[in-house]
Amino acid sequence: MLPSEKAELWVRRVGYAALVLIAAFILIWMVRFIARVTRDALEQRNVPTEGRALLVETCDT
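To start, this report covers the structure provided alongside it. These figures come from a predicted structure and were not determined experimentally.

### A look at the overall build of the protein
Line of reasoning, step 1. When helices and strands are tallied, the protein shows one helix and zero strands.
Line of reasoning, step 2. Of all 61 residues assigned to the protein, the portion counted as buried reaches 0%.

### Quick notes on the packing of aromatic side chains
Line of reasoning, step 1. In total, this model carries one aromatic pair according to the counting rule given.
Line of reasoning, step 2. When the centroid spacing of 5.3 Å and the interplanar angle of 10° are considered together, the rings of Trp-29 and Phe-33 count as stacked. You can see Trp-29 and its partner Phe-33 sitting in helix H1 (residues 3-45), four residues apart, about one turn around the helix.
Line of reasoning, step 3. What makes Phe-33 partly exposed here is its relative accessible area of 35%.

### Notes on a nonpolar patch on the surface
Line of reasoning, step 1. Judged by side-chain polarity, Tyr-16, Leu-19, Ile-22, Phe-25, Ile-26, Trp-29, Met-30, Phe-33, Ile-34 and Val-37 come together as a nonpolar surface patch covering roughly 1,100 Å² of accessible area.
Line of reasoning, step 2. Tracing the backbone through its elements, the reader meets Ile-26 in helix H1.

Each value, and the rule that gives it
- Residues numbered from 1 in each chain as written.
- Predicted model: local features only at pLDDT ≥ 70, side-chain atom pairs only at ≥ 80, totals over all residues.
- Heavy atoms only, no water.
- Helix = DSSP H or I, 4+ residues; strand = E, 2+ residues; numbered from the N terminus.
- Buried < 20%, exposed > 50% of the residue type's maximum accessible area, 1.4 Å probe, protein only.
- Phe/Tyr/Trp six-rings, centres within 6.5 Å; stacked < 30°, edge-to-face > 60°.
- Patch = residues over 30% accessible without salt bridge, like charges linked within 9 Å, V, L, I, M, F, W, Y side chains within 5 Å.
- Areas by Shrake-Rupley, 256 points an atom, 1.4 Å probe, with all protein chains shown as cover.
- Salt bridge = Lys/Arg side-chain N within 4 Å of Asp/Glu carboxyl O.

This is how it looks when you write it as structure tokens:
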């Protein structure tokens, strides 16, 4: 194998590794973003504890 072929193979492997790392970073960022947005949306849907009415149980005897 010629030295230029070895260098080309090395550069190609580094390039593929960089692409895999970039894809992993984007995937992790998207998962964290969606989880944060979902958590914020669910927190907004909850009624605050100060605004909740007290439930009184009645006994029918």
